[in-house]
Amino acid sequence: MTTTTDRPGLQGISHLGLTVVDLDRALDFWCGVMGFRLVIRTEEYCMVWHPAATLAIGLTTHVGAAVGPFDEHHAGLDHLALAVGSVELLRAWSARFAELGLTHSEIAETEAGHHLNVRAPDDIAVELFVLGPVFATSVLGLDADLAKEAVAVAGTHR
């Protein structure tokens, strides 16, 4: 068994890679709806970047061999959760999705925080999430100051 001191460190998520059927449709969602910006594009692959979230997402068609739709009931990715800084911002996202005619859930509150779900192209499950302060301290074990920062930054890394 490996002890904690034997493990090399991690700094956070570098990027996510998602398989998509239609690259243009995926770009419309990630850039047009979610506010990412295109940084690399080829015929079958692109990388989008969201500076505020310090998150990159690679989108690939696997040389046109990708088939859909996504299904979280198979082994692998269940959903992609993106951090949002407040419930008010979550409400703004809900209004934006409604304005754009995107089907989305109601905002739900759980012990962990507040959740809003939407589907990206190819039916990829995307959750927008606001970390709850009680969950941050009692379950994640963050001290009060760190919990406030984690809730405010909503889990993004730098």
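Above: the structure in question.
Residues numbered from 1 in each chain as written. Predicted model: local features only at pLDDT ≥ 70, side-chain atom pairs only at ≥ 80, totals over all residues. Heavy atoms only, no water.

(A) Broad picture of the pairing of strand E8 (residues 124-131). The element E8 is extensively covered by neighbouring structure, given that 8 of its 8 residues are classed as buried. Along E8, one buried face is formed by Ile124, Val126, Leu128 and Val130 and the opposite face, lined by Ala125, Glu127, Phe129 and Leu131, is buried too. Two strands pair when backbone bridges link them, and strand E5 (residues 80-83) and E8 are joined in this way by 4 bridges, in the parallel orientation. Counterpart to Leu82 in the pairing with E8 is Leu128. Pairing between strand E7 (residues 113-120) and E8: 8 bridges, direction antiparallel. Paired with His114 across the strands is Val130, a residue of E8. (Buried < 20%, exposed > 50% of the residue type's maximum accessible area, 1.4 Å probe, protein only. Helix = DSSP H or I, 4+ residues; strand = E, 2+ residues; numbered from the N terminus. Pairing = 2+ DSSP bridges.)

(B) Spatial organisation of the sheet that holds strand E2 (residues 37-41). Taken in spatial order, the 4 strands make up an open sheet running E1-E4-E3-E2, and their pairing is mixed. Edge positions in the sheet fall to strand E1 (15-19) and E2, since each has one partner strand and no second. Ignoring strand direction, the axes of neighbouring strands in this sheet form an average angle of 25°. In the sheet, strand E3 (residues 45-50) pairs with strand E4 (residues 55-60) via 6 bridges, with the strands oriented antiparallel. Among the inter-strand pairings, Val48 is bridged to a residue of E4, identified as Ile57. (Axes fitted to C-alpha atoms, helices over the stretch in contact; angles between N-to-C directions.)

(C) The arrangement of unusual backbone geometry in detail. The peptide bond linking Gly68 to Pro69 adopts the cis configuration, its omega dihedral lying at 5°. Looking at the element boundaries, Pro69 is found in the loop between E4 and E5. Phi angles above zero are rare outside glycine, and His62 is one such case at about 50°. When you line up the elements, His62 lands in the loop between E4 and E5.

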